[in-house]
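Spelled out, the chains give:
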Amino acid sequence: VKKATENAAAAGVADRVRFVAGNVFDADIREASVVTLYLLQSINERLRPRLVRELKPGTRVVSHVFNMGPEWPPEKKLMVGRSPIYVWTIPEKQLP
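Keep in mind that this is a model prediction, so the values were computed, not measured. (Residues numbered from 1 in each chain as written. Predicted model: local features only at pLDDT ≥ 70, side-chain atom pairs only at ≥ 80, totals over all residues. Heavy atoms only, no water.)

## Here's the deal with the overall build of the protein chain
Check the secondary structure of the protein chain and you find two helices and four strands. Each principal axis of the C-alpha distribution contributes one length, and for the protein chain these read about 45 × 30 × 20 Å. Per-residue burial over the protein chain gives 23% buried out of 96 residues. Taking contacts inside the protein chain between residues at least 6 apart in sequence as the whole, the part at least 24 apart equals 47%. For the protein chain, the accessible surface area stands at approximately 7000 Å², while carbon and sulfur atoms represent 56% of it. (Helix = DSSP H or I, 4+ residues; strand = E, 2+ residues; numbered from the N terminus. Buried < 20%, exposed > 50% of the residue type's maximum accessible area, 1.4 Å probe, protein only. Contact = heavy atoms within 4.5 Å. Areas by Shrake-Rupley, 256 points an atom, 1.4 Å probe, with all protein chains shown as cover.)

## Concerning the side chain of arginine 50
As for its placement among the helices and strands, arginine 50 is situated in helix H2 (residues 41-54). Contact partners of arginine 50, with chain neighbours within four places excluded, come to Val24, Phe25, Asp26, Ala27, Asp28, Ile29 and Leu55.

## Observations concerning the sheet that holds strand S1 (residues 34-37)
Here we have four strands laid out as an open sheet, ordered S1-S2-S4-S3, and mixed in their pairing. Each of the sheet's edge strands pairs with one partner strand only, and the pair in question is S1 and strand S3 (76-80). Each strand axis lies, on average, 20° off the axis of its neighbour in the sheet, ignoring direction. Two elements, strand S2 (residues 60-64) and strand S4 (residues 83-89), share five bridges in a ladder whose sense is antiparallel. Within the sheet, the bridge partner assigned to histidine 64 lies in S4 and is isoleucine 85. Seen against the sheet, H2 touches S1 and S2 and runs at an angle of roughly 170° to S1. (Pairing = 2+ DSSP bridges. Axes fitted to C-alpha atoms, helices over the stretch in contact; angles between N-to-C directions.)

Listed below in structure tokens is the structure:
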């Protein structure tokens, strides 16, 4: 978190980000507008239902290297150097 905070300050975006150390399954993510992940695909897949359930529609999810599995294909796949970056947007909630 310290290094990420330093990097954000150096990039001039410290006022627009918040870094949290903790258990990803316990963190309060409801107010996030962008969630970045660098987790194994198996963890992303376990986290996916929570992201869709708790994040507001339009929230972006960005994962470095690992995707969310075939059930949620990314909207975009970009290459940054030799690393894939996957991007999703939380959809509008479906009415029952």
